[in-house]
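Now for the letters of each chain:
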Amino acid sequence: MRFSGLRVLAEGLTGNRGWKPHWRDPAPKPEYDIVIIGGGGHGLSTAYHLAKEHGLTNIAVLEKGYLGGGNVGRNTTIVRANYGLPGNSEFYSHSLKLWEGMEQELNFNTMMSQRGIINLCHSDGQRDAFARRGNAMRNQGDDAELLDRNQVREMLPFLDFDNIRFPIYGGLLQRRGGTARHDAVAWGYARGADQHGVDLIQNCEVTGIDIEGGRVTGVQTTRGAIRAKKVGIVVAGRSGQVAALAGMRLPIESHVLQAFVTEGLKPCIDNVVSFGMGHFYISQSDKGGLVFGGDLDFYASYAARGNLPMAEHVMEAAMTLMPMIGKARVLRSWGGIMDMSSDGSPIIDKTGVEGLYLNCGWCYGGFKAVPGSGFSFAHLMATDRPHEPAAKFRLDRFSTGRGLMDEEGTGAQHNLH
């Protein structure tokens, strides 16, 4: 089943009776070549690229709930490639290029909108840091524009430019950044993986990882034992729990990050805007709701919900940056479980167990990394060699201290990243 304008028109005129399910609902087989634990964006992208790029189709994706029900459906939908450090910069640049061709490749509307992302600066030092970051982005081959105060005012006249504590000095603009429909990304990759023969097994929780002689042999699940030659752990905020099933302790902590959406409003915010002094970011969805978020809850938790003090903190930042938002009614909030690494950068690597691979530590940046993460992790699992853009995402950097990538310069503390 392929989508096209003609097909949509024909189905609309005939009662939409010709559509078929996007993917199968198969029972798990006793054995696979590769098992992916986690049916979120990263896991589905990995399975798709394993099949498409490497011709491996005897693959199962195991999801304890439903596809798209985890972090991939619990985020603020931002896509960007504005990193400065070698290692991160190459990876996110690669991921953004994949975003730009995703809809055509998957034949699925992920509502990718390159509306531009603006990071505001509020001091001379912050402006200088953005200038360095922008130069690094352009040297990498990505776009970046340093805006002065008047240029920002022309684009975002509704901001409070004369706030005494946080005056706006300018901003860093990446026009190729923007947003995409989060759950549609999961659906698109699920559909693509299924079309290549991948089994997507929902309501199948992994309860154990079988290891014999230092090599993984399969997994135990709520739907029975499944043998596998290779197993990939791609479970975001649950990475520590699942890795523990293999006797591993990871250098990550799980924290809650809240997000909010208002009632539908007429178009008023054309870009993604990030408040440099309040860790507040906002955009407007295609349905008109203002989608925004802020800081972590700053305590370790597996609860996919928020709390009132942090909600109040985010609302204060919103009012500080753009007082007009005070008239909007918040419809709902939600929480995602962030797997925070101690240097703020991800892990894509083999583990000490032969045939067991790890993809985690995405901190705030998991959604924008979905296509690049899947591509790189698939390359690693298929060839046992790191994909060049993700070559520095090594697990051993936390034990050796070599190659740490502290993008924000905040030190080795999980909840500061």
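In short, a report on the structure.

Thresholds applied
Residues numbered from 1 in each chain as written. Predicted model: local features only at pLDDT ≥ 70, side-chain atom pairs only at ≥ 80, totals over all residues. Heavy atoms only, no water. Helix = DSSP H or I, 4+ residues; strand = E, 2+ residues; numbered from the N terminus. Rg over C-alpha atoms; globule rule 2.2 N^0.38 Å. Buried < 20%, exposed > 50% of the residue type's maximum accessible area, 1.4 Å probe, protein only. Contact = heavy atoms within 4.5 Å. Areas by Shrake-Rupley, 256 points an atom, 1.4 Å probe, with all protein chains shown as cover. Lys, Arg positive; Asp, Glu negative; His and termini not counted. Charge placed at Lys NZ, Arg CZ, Asp CG, Glu CD. Polar contact = N/O pair within 3.5 Å; in protein donor to acceptor, adjacent residues only side chain to side chain. Expected span 1.5 Å × (residues − 1). Axes fitted to C-alpha atoms, helices over the stretch in contact; angles between N-to-C directions. Parallel < 35°, antiparallel > 145°, perpendicular 65-115°, else oblique. Left-handed = near helix turned anticlockwise from the far one by under 90°. Pairing = 2+ DSSP bridges. Patch = residues over 30% accessible without salt bridge, like charges linked within 9 Å, V, L, I, M, F, W, Y side chains within 5 Å. Salt bridge = Lys/Arg side-chain N within 4 Å of Asp/Glu carboxyl O. Core = buried A, V, L, I, M, F, W, Y, C linked by side-chain atoms within 4.5 Å.

On to the overall build of the protein chain. Secondary structure summary: the protein chain contains 10 helices and 18 strands in total. For 417 residues, the compact-globule formula gives about 22 Å, and the C-alpha radius of gyration of the protein chain, at 21 Å, lands near that figure. The principal-axis extents of the C-alpha atoms in the protein chain amount to approximately 65 × 65 × 40 Å. The proportion of buried residues among the 417 residues of the protein chain is 54%. In the protein chain, the proportion of contacts linking residues at least 24 apart, taken out of those at least 6 apart, comes to 74%. Of the accessible surface of the protein chain, which amounts to about 17900 Å², a share of 50% is contributed by carbon and sulfur atoms. A gap of 4 Å separates the mean positions of the 43 positive and 43 negative side-chain charges of the protein chain.

Mapped onto the elements, serine 93 comes out in helix 3 (residues 88-106). A relative accessible area of 1% places serine 93 in the buried class. There is a polar contact of 2.9 Å between the side chain of serine 93 and the side chain of lysine 97. Other than its neighbours up to four places away in sequence, serine 93 contacts Ala81, Gln140 and Asp142.

Here the focus is helix 9 (residues 370-383). Between its first and last C-alpha atoms helix 9 spans 20 Å; for 14 residues at 1.5 Å apiece the expected length is 20 Å, and the two agree. With 12 of its 14 residues buried, helix 9 lies for the most part within the structure. Where helix 9 ends, the next residue or the one after it, aspartate 384, has phi of about 65 degrees, a positive value.

A packed helix pair is summarised by two numbers, namely the angle formed by the two axes and the spacing between the axes. Relative to each other, helix 2 (residues 41-54) and helix 9 sit at 55 degrees, their axes nearing to 7 Å. When the axis of helix 2 is compared with that of helix 9, the two are oblique. Note that helix 2 runs across helix 9; the crossing there is right-handed. Seen from helix 2, the contacting residues are Gly41, His42, Ser45, Thr46, His49, Leu50, Glu53 and His54; seen from helix 9, they are Val370, Pro371, Ser373, Gly374, Phe375, Phe377, Ala378, His379, Met381, Ala382 and Thr383.

Let us now look at the sheet that holds strand 15 (residues 290-300). Taking strand neighbours across the sheet as the criterion, the 8 strands line up as 5-6-4-13-14-15-12-16 in an open arrangement whose pairing is mixed. Each edge of the open sheet is held by one strand with a lone partner, namely strand 5 (145-148) and strand 16 (330-341). Adjacent strand axes in the sheet meet at a mean angle of 25 degrees, parallel and antiparallel pairs treated alike. Contacts from helix 4 (residues 124-140) reach strand 4 (117-121), strand 5 and strand 6 (170-174), with the element oriented near 145 degrees to strand 4. Contacting strand 4, strand 12 (252-262), strand 13 (272-275), strand 14 (280-284), strand 15 and strand 16, helix 8 (residues 308-321) crosses the sheet at an angle of about 135 degrees to strand 15.

This part takes up a nonpolar patch on the surface. Side chains of Leu6, Leu9 and Leu13 sit close together on the surface and give an oily, nonpolar patch of about 380 Å² of accessible area. By the secondary structure assignment, leucine 9 is in helix 1 (residues 5-13). According to the relative accessible area criterion, leucine 9 is exposed, its value standing at 51%.

Turning next to the pairing of strand 6. Counting buried positions along strand 6 yields 5 of 5 residues, so the element is predominantly enclosed. What you see with strand 6 is no split at all: Gly170, Leu172 and Gln174 on one side and Gly171 and Leu173 on the other are buried throughout.

Keep in mind that most residues, glycine aside, have a negative phi and that most peptide bonds are trans. Phi is positive for threonine 77, which is not a glycine, with a value near 65 degrees. By the element assignment, threonine 77 lies in the loop between strand 2 (59-62) and strand 3 (78-79). Positive phi outside glycine occurs at alanine 236, with the angle close to 50 degrees. Here alanine 236 lies in the loop between strand 11 (224-233) and helix 7 (239-244).

Structurally, aspartate 25 can be placed in the loop between helix 1 and strand 1 (31-37). Distance from aspartate 25 to isoleucine 201, taken between C-alpha atoms, is 6.8 Å for residues 176 residues apart in sequence.

Strand direction decides the pairing type here: strand 1 and strand 11, joined by 6 bridges, are parallel. For isoleucine 37, the partnering residue across the bridge sits in strand 11 and is isoleucine 233. By the bridge criterion, 4 bridges tie strand 10 (residues 215-221) to strand 11 in an arrangement that is antiparallel. The residue of strand 11 that forms the bridge with valine 219 is isoleucine 226. Turn length for the strand 10-strand 11 hairpin, with the two strands adjacent in sequence and antiparallel, is 2 residues.

Right, let's talk about the nonpolar core for a bit. Of all hydrophobic cores here, the largest spans 46 residues; its most connected members are Trp99 and Leu200. The contacts of tryptophan 99, once residues within four sequence positions are left out, are Val79, Met112, Ala180, Val185, Phe367, Lys368 and Pro371. In terms of nonpolar packing, the next biggest core, distinct from the first, is built from 29 residues, Tyr32, Cys204, Ala228 and Leu395 among them.

By themselves these figures say nothing about function.
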